[in-house]
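Residue strings, one per chain:
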Amino acid sequence: MIPVLILLAATACQQAYGASSVESAPPPAPASEAEHHRLAFVQAACGGCHAVEAPGLSPNPQSPPFADIANREGLTRATLVTWLTDAHNYPEVMDFDLDQPQVEEIADYILTLRSEGYKRVPD
């Protein structure tokens with residue numbers, strides 16, 4: 001008898017408290033398959049050091065979150081592609097290379113993180 005009462009009480013709690021949480025949190029919009037693959041690639045290539053999704057803190061404190069990079073004043077796709085191509089691949093620090101399509105895919109992803117009124121993550 002006691003297990004049945006516990007089950008009924010648990011069900012009542014779920015119904016009483018579950019309804020408000022469902023109403024206040026709409027499900028996230030589903031990402032397209034291409035967006036999913038791009039995020040997976042960027043996460044695999046860069047997520048060991050950088051926070052790839054906003055908001056987030058980078059695993060390596062010396063590596064800025066991608067949202068911080070995306071929201072830097074004066075940043076353009078061209079400057080970002082150049083930086084990723086020429087200045088980012090210091091062998092003694094990162095020890096990996098990106099081909100041009102990968103550089104462009106990462107740059108395009110970073111630029112999706114731009115937002116009005118962005119507040120940089122404090123150091």
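Residues numbered from 1 in each chain as written. Predicted model: local features only at pLDDT ≥ 70, side-chain atom pairs only at ≥ 80, totals over all residues. Heavy atoms only, no water.

Undergrad: Explain the nonpolar core to me, please; I cannot follow it from the model alone.
TA: Grouped burial of nonpolar side chains is what soluble globular proteins tend to show. Within the largest apolar cluster, 19 residues are counted, with the highest numbers of intra-cluster contacts made by V42, F66, L80, I106 and I110. In terms of residue count, helix α5 (residues 100–111) provides more of this core than any other element does, 6 residues in total. Once residues lying within four places of it in the same chain are set aside, the contact partners of V42 are G47, V52, F66, I106 and Y109. (Core = buried A, V, L, I, M, F, W, Y, C linked by side-chain atoms within 4.5 Å. Buried < 20%, exposed > 50% of the residue type's maximum accessible area, 1.4 Å probe, protein only. Helix = DSSP H or I, 4+ residues; strand = E, 2+ residues; numbered from the N terminus. Contact = heavy atoms within 4.5 Å.)

Undergrad: Is there a simple way to think about the pattern of salt bridges in this case?
TA: Any two side chains of opposite charge can pair, so long as their charged atoms come close to each other. Counted according to the given criterion, the structure contains 2 salt bridges. Its salt-bridge partner being R77, residue D108 comes within 2.6 Å of it at the nearest N-O pair. Taken together, the residues D108 in helix α5 and R77 in helix α4 (residues 77–87) connect sequence positions 31 residues apart. A relative accessible area of 29% places D108 in the partly exposed class. In this structure R77 comes out as partly exposed when scored by relative accessible area, which is 36%. Because the salt bridges share partners, they merge into one network encompassing R77, E104 and D108. (Salt bridge = Lys/Arg side-chain N within 4 Å of Asp/Glu carboxyl O.)

Undergrad: Sorry, what's going on with the environment of R114 here?
TA: Topologically, R114 is positioned in the segment after α5. For the pair formed by R114 and A54, sequence separation is 60 residues and the distance between their alpha carbons is 9.8 Å. At 3.1 Å, the side chain of R114 and the backbone oxygen of A70 are in polar contact. (Polar contact = N/O pair within 3.5 Å; in protein donor to acceptor, adjacent residues only side chain to side chain.)

Undergrad: Teacher, can you tell me more about the packing of helix α2 (residues 33–46) against α5 here?
TA: How two helices pack is summed up by the angle between their axes together with the distance between the axes. Taken N-terminus to C-terminus, the directions of α2 and α5 make an angle of 105°; their axes are 10 Å apart at the nearest point. The angle between α2 and α5 places the two elements in the roughly perpendicular class. On α5, the residues touching R38, L39, F41, V42, A45 and C46 of α2 are Q102, E105, I106, D108 and Y109. (Axes fitted to C-alpha atoms, helices over the stretch in contact; angles between N-to-C directions. Parallel < 35°, antiparallel > 145°, perpendicular 65-115°, else oblique.)

Undergrad: Hey, could you run me through the side chain of H50 in this one?
TA: Looking at where H50 falls in the secondary structure, it is placed in the loop between α2 and α3 (66–70). For H50, a relative accessible area of 9% puts it in the buried group. For H50, the side chain forms a polar contact with the main-chain oxygen of P64, separated by 2.7 Å.

Undergrad: Can you help me understand the confidence of the model for the chain in this one?
TA: Any segment with low pLDDT has predicted coordinates that should not be analysed in fine detail. For the chain, the average pLDDT comes to 75, and 66% of its residues sit at 70 or higher. Contacts for the low-pLDDT stretch residues 1–27, under 50 throughout, to residues beyond four places or in other chains number 2 contacts. (pLDDT = per-residue confidence, 0-100.)

Undergrad: Help me understand the environment of C46 in this model?
TA: Inspection of the secondary structure assignment puts C46 in helix α2. Taking the C-alpha atoms as reference points, C46 and S63, separated by 17 residues in sequence, lie 9.9 Å from one another. In contact with C46, not counting residues within four places along its chain, are V52, F66 and I106.

Undergrad: For this particular structure, what's the right way to read unusual backbone geometry?
TA: Generally, phi is negative for residues other than glycine and the peptide bonds are trans, each holding for most cases. Along the chain, A54 connects to P55 via a cis peptide bond; the corresponding omega equals -15°. Along the chain, P55 turns up in the loop between α2 and α3.

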